[in-house]
Amino acid sequence: MIINIPENSDFSIHNIPFGIFSTEDRTPRAGVAIGEHILDLVAVAELDVFDFNTAVLEKEVLNDFISLGKEITNRVRKDIQHWLQDEDSVLARKPELFVLQSDAQMHMPVYIGDYTDFYSSIEHATNVGTMFRDPAKALMPNWKHIPVGYHGRASSIVASGEPIHRPKGQTLPKDSDTPIFGPSQRLDFELEMGFITGKNTNLGESISTDEAEDYIFGMVLLNDWSARDIQKWEYVPLGPFLAKNFASHISPWIVTLEALDPFRVSGPEQNPKVLPYLEFEGTKNYDINLEVGISPENTEEQVVCHSNFKYMYWNMAQQLAHHTVNGCNINIGDLYGSGTISGKDENSYGSMLELAWMGTKPLKMKDGSERKFIQDGDTVIMRGFAEKEGKRVGFGEVSAKVLPAK
Ligand code: MN
């Protein structure tokens with residue numbers, strides 16, 4: 001290996017995720033994470049080793065690079081894996097090609113034109129249905145037939161590290177029929193993963209479950225912030241609006257679907273049988289360990305949730321097939337959220353709403369304070385990695401601090 005990769009690094013030789021970084025003397029540009037370093041792809045291109053128009057690597061987002069297609073982007077990943085392991089390769093003895101991640105600023109990896117959020121964890125949908133409706137009818141009648149989703153807001157999706165202000169809005173106080181306006185009192189995270197599409201379709205075209213993976217460039221961690229009190233008052237009849245669109249954070253490195261391939265597993269059994277356009281072949285879930293930590297101001301982080309992407313009832317191929325079955329077109333750089341990823345155990349729930357069960361079971365922090373929801377000054381950190389037979393492929397983290405309402 002021509003660069004040291006610490007053991008247990010998320011960014012092993014098996015990963016090679018793509019992102020956009022800058023440093024004091026390097027403008028925002030494409031790079032890949034390797035161990036604690038970033039390989040500067042613009043600097044690599046200057047060695048004349050790529051056979052495509054490398055101007056795409058100098059862009060402030062990866063959309064144009066992704067648009068080259070998987071044949072090229074996968075080859076770049078493979079070549080880099082090969083070069084990094086060859087002591088005599090074109091990358092050897094060229095320290096100027098690498099920068100420390102700690103010296104770099106990460107940016108949004110793609111321009112996101114459209115954002116859709118699904119609701120595909122059966123445990124999460126059941127928990128929310130139990131809390132807000134009748135426990136006996138927690139799942140709506142459509143839930144096992146449709147990968148339920150809604151169109152979110154792309155403009156407020158930001159990169160890990162950017163602080164957000166507590167949102168303000170209308171809420172309905174308990175036992176009152178007059179709404180009030182003010183900062184949300186029930187600010188929550190949603191532990192999600194998102195996939196980013198790497199190919200366009202034309203209006204009127206559909207993507208089958210068989211083809212879906214060709215259209216998925218890669219995945220990121222997604223913290224889909226939610227204001228539960230605003231949500232409760234506004235969501236009937238048209239669904240999520242201002243409770244959801246004030247901010248969502250994504251992790252800066254896009255892990256390709258190819259890097260995740262060794263971690264495929266079967267998903268939960270789908271019963272009743274789905275309609276033919278949602279049927280699929282093969283294993284389409286992924287075993288990705290997920291965790292959420294809360295770090296109150298000046299206090300050590302407390303991990304509050306361990307979950308796994310493999311719990312998803314609906315897989316990404318079904319989500320994309322469903323999304324396009326009516327002819328809705330998709331674009332390179334679109335983001336598709338999984339929905340909150342909860343497991344069966346109480347410590348695997350992917351939101352404060354569920355972890356503290358609507359405020360009835362507050363969580364203890366290391367400084368002795370309690371959390372029913374997220375407080376000002378709290379930093380919420382999500383991490384994810386897959387590991388099998390000594391191969392580790394991870395996402396790093398998505399982290400953001402909550403500042404008081406403006
Ligand atoms: Mn969500």
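Remember, it's a predicted structure, so these values are computed and weren't measured experimentally.

Student: So, the domain arrangement of the protein chain: which residues are in play, and what are the values?
Tutor: What the domain assignment lists for the protein chain is domain 1 (18–107) and domain 2 (115–403). The centre of domain 1, based on its C-alpha atoms, is set 30 Å off from the matching centre of domain 2. Tallying the contact residues gives 17 residues for domain 1 and 16 residues for domain 2. Summing both sides of the interface, domain 1 and domain 2 together bury roughly 1,300 Å²; the carbon and sulfur share of this comes to 66%. Contact with domain 2 buries surface across domain 1, with Phe 18, Ile 66 and Lys 70 losing the most and accounting together for 44% of the total. The interface formed by domain 1 and domain 2 includes 1 salt bridge.

Student: Help me get a handle on the coordination of the manganese ion, residues and values and all.
Tutor: The protein atoms donating to the manganese ion are Asp 117 (OD), Glu 190 (OE), Glu 192 (OE) and Asp 224 (OD), with metal-donor distances spanning 2.1 Å. Look at where the donors of the manganese ion fall in the sequence and you get D-x72-E-x1-E-x31-D. Taken together, the positions of Asp 117 in strand E6 (residues 115–118) and Glu 190 in the loop between strand E12 (187–188) and strand E13 (191–197) put the pair 73 residues apart, joining distant regions of the chain. Accessibility assignment for this pair places Asp 117 and Glu 190 in one class, buried.

Student: Let's hear about the environment of Ser 160: which residues, and what values?
Tutor: Along the chain, the position of Ser 160 falls in the loop between strand E8 (157–159) and strand E9 (164–165). Overall, the relative accessible area of 21% leaves Ser 160 in the partly exposed class. Sequence separation between Ser 160 and Trp 83 is 77 residues, and the spatial gap between their C-alpha atoms is 29 Å. Once you skip the residues sitting within four places of it in the chain, Ser 160 turns out to touch His 249, Ile 250, Ser 251, Pro 252, Glu 397, Val 398 and Ser 399.

Student: An account of the sheet that holds strand E20 (residues 289–295) is needed here, citing residue identities and associated values.
Tutor: If you walk across this open sheet you meet the 5 strands as E9-E26-E25-E20-E21, and the pairing is mixed. Looking at which strands have only one partner, the edges of the open sheet turn out to be E9 and strand E21 (302–308). Where strand E25 (residues 379–388) meets strand E26 (residues 391–403), 9 bridges bridge the pair, whose relative direction is antiparallel. Looking across to E26, one finds that Arg 383 is bridged to Glu 397.

Student: Outline unusual backbone geometry, listing residues and values.
Tutor: Glycine aside, a negative phi is what most residues show, and trans is what most peptide bonds show. Note the cis peptide between Val 236 and Pro 237, where omega equals 5°. The step from Asn 271 to Pro 272 runs through a cis peptide bond, and the omega angle for that step is 5°. Even without glycine at this site, Glu 389 takes up a positive phi of about 50°.

Student: Which residues make up the packing of aromatic side chains, and what values go with them?
Tutor: Throughout the structure, instances matching the rule amount to 10 aromatic pairs. A centroid spacing of 5.0 Å and a plane angle of 50° characterise the contact between Phe 18 and Phe 65, whose relative ring orientation is tilted. With a gap of 47 residues between them, Phe 18 in strand E1 (residues 18–23) and Phe 65 in helix H2 (residues 63–66) connect regions that are remote in the sequence. Of the two residues, Phe 18 and Phe 65, neither departs from the other in class, the shared state being buried. Members of the aromatic cluster, each reached through a chain of ring pairs, are Phe 18, Phe 50, Phe 52, Phe 65, Trp 83 and Phe 217. Over the face of the ring belonging to Tyr 215 we find Lys 199, whose NZ or CZ atom lies 4.5 Å from the ring centre.

Criteria and thresholds
Residues numbered from 1 in each chain as written. Predicted model: local features only at pLDDT ≥ 70, side-chain atom pairs only at ≥ 80, totals over all residues. Heavy atoms only, no water. Domains from an automatic or database assignment. Contact = heavy atoms within 4.5 Å. Buried area = accessible area lost by both parts, 1.4 Å probe. Salt bridge = Lys/Arg side-chain N within 4 Å of Asp/Glu carboxyl O. Donors = N, O, S within 2.8 Å, 3.2 Å for Na, K, Ca; no water. Helix = DSSP H or I, 4+ residues; strand = E, 2+ residues; numbered from the N terminus. Buried < 20%, exposed > 50% of the residue type's maximum accessible area, 1.4 Å probe, protein only. Pairing = 2+ DSSP bridges. Phe/Tyr/Trp six-rings, centres within 6.5 Å; stacked < 30°, edge-to-face > 60°. Lys NZ or Arg CZ within 6 Å of the ring centre and 35° of its normal.

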